[in-house]
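# Topology and contacts: notes
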Amino acid sequence: MTDAAPQNPAITHHPKGDFDLSRAVWQRAEGDDSEGAVEIAFVDDLIGMRNSADPDGPVLVFTQAEWDAFVAGAQDGEFDLD
C-alpha cells in the first residue's frame, strides 16, 4: 500500500514541466479536416503536439524556445523534402 496521492490523468508529467491536458485547447491548421492531422495546444509556457487520429495518445511537449526554433526552421525550409 502506498500513501502517494493519486495521479491526475489530465496532467502529462514531463521534464520540461507539467502539461495540463484538461486546459489544452487543441487546434490545427485552418481548413485541415483530415484524420491524422497535427494538433497544437498552448498551455502556460509549454506547447503540446498530438495526432488528431489518436487524441488519447502521446503528446510531444515543447518549451517556448524549442517551439520558436522549430517554427523558424520550418519557415527557413529546413524540413523541406527536396
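Here goes a summary of the coordinates provided.

About the criteria used
Residues numbered from 1 in each chain as written. Predicted model: local features only at pLDDT ≥ 70, side-chain atom pairs only at ≥ 80, totals over all residues. Heavy atoms only, no water. Helix = DSSP H or I, 4+ residues; strand = E, 2+ residues; numbered from the N terminus. Buried < 20%, exposed > 50% of the residue type's maximum accessible area, 1.4 Å probe, protein only. Areas by Shrake-Rupley, 256 points an atom, 1.4 Å probe, with all protein chains shown as cover. Pairing = 2+ DSSP bridges. Axes fitted to C-alpha atoms, helices over the stretch in contact; angles between N-to-C directions. Contact = heavy atoms within 4.5 Å. Salt bridge = Lys/Arg side-chain N within 4 Å of Asp/Glu carboxyl O. Core = buried A, V, L, I, M, F, W, Y, C linked by side-chain atoms within 4.5 Å.

### Here's the deal with the overall build of the protein
- On a plain count of helices and strands, the protein comes out with one helix and five strands.
- Put simply, the protein has 82 residues, and 26% of those count as buried.
- Just so you have it, the protein exposes about 6,000 Å², and 51% of that area is on carbon and sulfur atoms.

### Focus: the pairing of strand β3 (residues 38-43)
- With six bridges connecting them, β3 and strand β4 (residues 46-51) associate as antiparallel partners. What sits directly across from F42, in β4, is I47.
- Hairpin connection, β3 to β4: the antiparallel pair is bridged by two residues, and D44 has positive phi, about 55 degrees.

### Comments concerning the sheet that holds β4
- If you trace the three strands from one edge of the open sheet to the other, you get β3-β4-β5, paired in antiparallel fashion. One side of each edge strand has no neighbouring strand; the edge strands of this open sheet are β3 and β5 (60-63). The average angle at which neighbouring strand axes cross in this sheet is 25 degrees, direction not considered.
- Note that β4 and β5 share four bridges and pair antiparallel. Across the sheet, residue G48 finds its bridge partner in β5, namely V61.
- Of the strands in this sheet, β3, β4 and β5 are in contact with helix α1 (residues 64-75), which crosses β5 at around 95 degrees.

### Concerning the pattern of salt bridges
- Inspection of every chain in the model, using the stated rule, returns three salt bridges.
- A salt bridge links E39 to R28; its shortest N-O distance comes to 3.0 Å. With E39 in strand β3 and R28 in the loop between β2 (17-20) and β3, the pair connects residues that are eleven residues apart, well separated along the chain.
- With relative accessibility at 8%, the residue E39 sits in the buried group.
- Here R50 ties to E39 by a salt bridge, and the two come within 2.7 Å at their closest N and O atoms. Of the two residues, R50 sits in strand β4 while E39 sits in strand β3, which places them eleven residues apart along the sequence. Grouping residues by exposure puts R50 and E39 together as buried.
- Here the salt bridges share partners, and the residues they tie into one network are R28, E39 and R50.

### Describing the nonpolar core
- The biggest cluster of nonpolar side chains holds eight residues, and these are F19, A24, W26, A41, V43, L46, V59 and V61.
- Ignoring sequence-local partners within four residues, the contact set of V43 consists of F19, D20, R23 and A24.
- I40, I47, F62 and W67 belong to the second-largest nonpolar core, a separate cluster that totals five residues.

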